[in-house]
Amino acid sequence: MGRNDAMTKIDVTVNGEVRSAPAGLTLTAFLEYLGLDPRKVAVERNLEIAPRSAYDTITIEPEDRLEIVHFVGGG
Amino acid sequence: MTQDVPLTVAGRALKSRLIIGTGKYESYEQNARALEASGADMITVALRRVNLSDPGKPRLIDFIDPEKYIFLPNTAGCFTGEDAVRTLRLAREAGGWKLVKLEVLSDPKHLYPDMAETLRATEMLIKEGFDVMVYCSDDPVYARKLEEAGACAIMPLGAPIGSGLGIQNPVNIRLIIEQTRVPVIVDAGVGTASDAAIAMELGCDGVLMNTAIAEAKDPVLMASAMKHAVIAGREAYLAGRMPKKKYADPSSPLAGLI
C-alpha cells in the first residue's frame with residue numbers, strides 16, 4: 001500500500017449513522033477504533049451475522065452497513 | 001415429606017423457580033444486588049445497539065457475570081417473526097446461547113402478545129435450532145399450539161406487562177398448567193409477593209418478573225420477598241391445601257371439656 005492509500009478514509013453505516021473510518025481495517029480493528037471491546041459485542045454486517053471467529057479476517061468495506069449490539073437490562 | 005425436583009428447562013436444571021428481568025433498575029449495581037437477594041439463577045436480557053457516542057458507559061455484563069448466571073436473551077421490541085429471528089441470531093453470536101425468550105408484541109398500549117405471529121416465530125426459531133421459552137396470552141388453545149410446535153416453556157401472562165395487577169385469570173392459568181407437559185412459567189403481571197405465591201399455588205413451575213422488583217421502593221428487599229413467596233407457593237402447592245369449608249371447624253377437641 002502506498003502512503004496515500006494508508007490515509008484513505010471510507011464511509012460505513014454503523015447503527016444507522018454514517019461514520020468515516022480508515023480504509024482496510026479488520027472488524028476487530030474497526031471495533032477497537034470505535035472504542036469497543038470486540039469480546040463484548042455482536043455484529044451484523046450487511047444483514048448477516050459476523051461470526052466472532054471471523055473478526056480478524058473480515059475487512060470493512062466502503063458502504064458496509066453494520067449493526068453493533070450488546071446486552072442491556074430487559075424483562 | 002414430599003420432595004421437590006428442580007425446575008428443568010430444555011435440559012437445564014435451575015436452582016430457583018424465580019426468573020428475574022434486568023430492566024428498569026436505578027443502576028446495574030442495584031440490579032446485581034437484587035439478583036443476589038432473589039436467589040434466581042436465570043435472568044432475562046435485551047439486545048440493543050451499543051452507544052457509540054459513549055462507549056465507556058457501564059455495561060450489564062460488567063455487573064452480572066454471564067458465567068455465573070444464565071442469560072436469557074429476549075425479543076422485546078420485536079413485532080414480527082423476522083425481527084425476532086434477526087435479534088436472536090445476534091444474541092446467539094453475542095453470548096453463544098440457544099435458550100431464548102420469545103415475545104412478539106402487538107399494541108404498545110397493552111403489550112399483549114400477537115399470538116398468530118408468536119406461533120409463527122416459534123416455528124421459525126425452532127427450525128434455526130433455538131430452544132424457545134414463549135411469552136404468550138393465557139389462552140389454553142394457543143398454549144397447546146405452542147407446545148405442539150416445540151416450545152420448551154409456556155409463559156402465559158398473569159396481567160399486562162409492567163402492570164403489577166396480579167394473576168387476573170387463575171382459571172386459564174390452571175387450565176394451561178393441567179394440559180402442558182413442558183414447564184409453565186407465569187411471565188408478567190406479578191405486583192407483590194402474594195401474587196407470586198398465588199401463581200405457584202396454582203401449580204406453575206416458575207414465575208418470571210421484572211417491574212415488581214425493579215419498581216419496588218426497596219428492590220433488593222422485594223427481591224428477597226419474591227424468593228420466599230415463590231418457595232412458599234411451591235411448597236403449599238406440593239403440600240396440597242386443605243379443602244375449603246362453608247362453616248367453622250374447631251381445632252381443639254370438643255370432648256373432655258371441664
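Residues numbered from 1 in each chain as written. Chains lettered and ligands numbered in written order. Predicted model: local features only at pLDDT ≥ 70, side-chain atom pairs only at ≥ 80, totals over all residues. Heavy atoms only, no water.

> Would you explain the overall build of chain A in this entry?
The secondary structure content of chain A amounts to 2 helices and 5 strands. For chain A, the C-alpha atoms occupy an extent of roughly 50 × 25 × 20 Å along the three principal directions. Of all 75 residues assigned to chain A, the portion counted as buried reaches 44%. Summarising the internal contacts of chain A: among those between residues at least 6 apart in sequence, 46% fall at separations of at least 24. Surface accessibility of chain A: about 4100 Å² in total, with carbon and sulfur atoms responsible for 50%. For chain A, the distance from the average site of its 8 positive side-chain charges to the average site of its 12 negative ones is 6 Å. (Helix = DSSP H or I, 4+ residues; strand = E, 2+ residues; numbered from the N terminus. Buried < 20%, exposed > 50% of the residue type's maximum accessible area, 1.4 Å probe, protein only. Contact = heavy atoms within 4.5 Å. Areas by Shrake-Rupley, 256 points an atom, 1.4 Å probe, with all protein chains shown as cover. Lys, Arg positive; Asp, Glu negative; His and termini not counted. Charge placed at Lys NZ, Arg CZ, Asp CG, Glu CD.)

> What should I look at first to understand the overall build of chain B in this one?
The helix and strand tally for chain B stands at 9 helices and 10 strands. In summary, chain B has a C-alpha radius of gyration of 20 Å against a globular reference of 18 Å for 258 residues, a match within 12%. Seen through its C-alpha atoms, chain B measures out along the principal axes to roughly 85 × 40 × 35 Å. Across the 258 residues that make up chain B, the buried fraction comes to 48%. Nonlocal contacts in chain B, meaning residues at least 24 apart in sequence, comprise 65% of its contacts between residues at least 6 apart. Accessible area for chain B stands at about 12600 Å²; split by element, carbon and sulfur atoms hold 53% of it. If the 29 positive side-chain charges of chain B are averaged to one point and the 32 negative ones to another, these points end up 2 Å apart. (Rg over C-alpha atoms; globule rule 2.2 N^0.38 Å.)

> Help me understand the nonpolar core in this model?
A general tendency of soluble globular proteins is for nonpolar side chains to be buried together. One finds Phe71(A), Phe71(B), Met209(B), Ile213(B) and Met226(B) to be the most contacted residues of the largest nonpolar core, which totals 64 residues. Ranked by residue count, the leading element in this core is helix 3 (residues 81-95) of chain B, at 6 residues. Sequence-distant contacts of Phe71(B), that is, excluding residues within four places in its chain, are made with Phe71(A), Ile43(B), Val45(B), Leu60(B), Ile61(B), Ile64(B), Asp65(B), Pro66(B), Trp97(B) and Leu99(B). In this structure, Val12(A), Phe30(A), Leu31(A) and Leu66(A) belong to the second largest nonpolar core, which totals 21 residues. (Core = buried A, V, L, I, M, F, W, Y, C linked by side-chain atoms within 4.5 Å.)

> What is the right way to look at the packing of aromatic side chains in this model?
Think of a pair of aromatic rings as described by two things: how far the centres are apart, and how the planes are tilted against each other in angle. Following the criterion strictly, the structure yields 5 aromatic pairs over all chains and no others. Between Phe71(A) and Trp97(B), the aromatic rings sit 5.4 Å apart at their centres with planes inclined by 35 degrees, giving tilted as the arrangement. Of this pair, Phe71(A) sits in strand 5 (residues 65-73) while Trp97(B) sits in the loop between helix 3 and strand 6 (99-102), which puts the two residues in different chains. Ring geometry for Phe71(B) versus Trp97(B): centroids 5.4 Å apart, planes at 35 degrees, classification tilted. Of this pair, Phe71(B) sits in strand 5 (residues 70-73) while Trp97(B) sits in the loop between helix 3 and strand 6; the two residues are 26 residues apart in sequence, bridging distant segments of the chain. The class for Phe71(B) is buried, based on a relative accessible area of 2%. (Phe/Tyr/Trp six-rings, centres within 6.5 Å; stacked < 30°, edge-to-face > 60°.)

> Hey, could you run me through the packing of helix 4 (residues 115-127) of chain B against helix 5 (residues 140-149) of chain B in this one?
Helix-helix packing: each pair is described by the crossing angle between the helix axes and the interaxial distance. Residues and elements named next belong to chain B. At their nearest, the axes of helix 4 and helix 5 sit 10 Å apart, and the two run at 10 degrees to each other. Relative to helix 5, the element helix 4 lies roughly parallel. Residues Met115, Ala116, Thr118, Leu119, Thr122, Glu123 and Ile126 of helix 4 form the contact with helix 5, whose participating residues are Tyr142, Lys145, Leu146 and Ala149. Grouping the constituent residues of the contact of helix 4 with helix 5 by class yields 7 nonpolar, 2 polar and 2 charged. (Axes fitted to C-alpha atoms, helices over the stretch in contact; angles between N-to-C directions. Parallel < 35°, antiparallel > 145°, perpendicular 65-115°, else oblique. Nonpolar A, V, L, I, M, F, W, Y, C, P; charged D, E, K, R; others polar.)

> Would you take a moment to explain the environment of Ala239(B) for this structure?
Residues and elements named next belong to chain B. Tracing the sequence through the fold places Ala239 in helix 9 (residues 219-239). Judged by relative accessible area, Ala239 falls into the exposed class, the value being 62%. In the structure, Ala239 is positioned 237 residues away from Thr2 in sequence and 7.1 Å away in space, judged by C-alpha atoms.

> Help me out: how do you make sense of the sheet that holds strand 8 (residues 153-156) of chain B in this one?
The strands making up a sheet associate through hydrogen bonds between their backbones, and the pairing can be parallel or antiparallel. Residue and element names in this part refer to chain B. Taken in spatial order, the 3 strands make up an open sheet running 6-7-8, and their pairing is parallel. Across the chains shown, the open sheet's two edge strands, defined by having one partner strand only, are strand 6 and strand 8. Geometrically, the sheet is characterised by an average inter-axis angle of 20 degrees between neighbouring strands, direction not taken into account. Where strand 6 lies against strand 7 (residues 131-136), 4 bridges are found, and the strand directions are parallel. Across the sheet, Leu102 pairs through a bridge with Val134, a residue of strand 7. (Pairing = 2+ DSSP bridges.)

Structural measurements only, silent on function.
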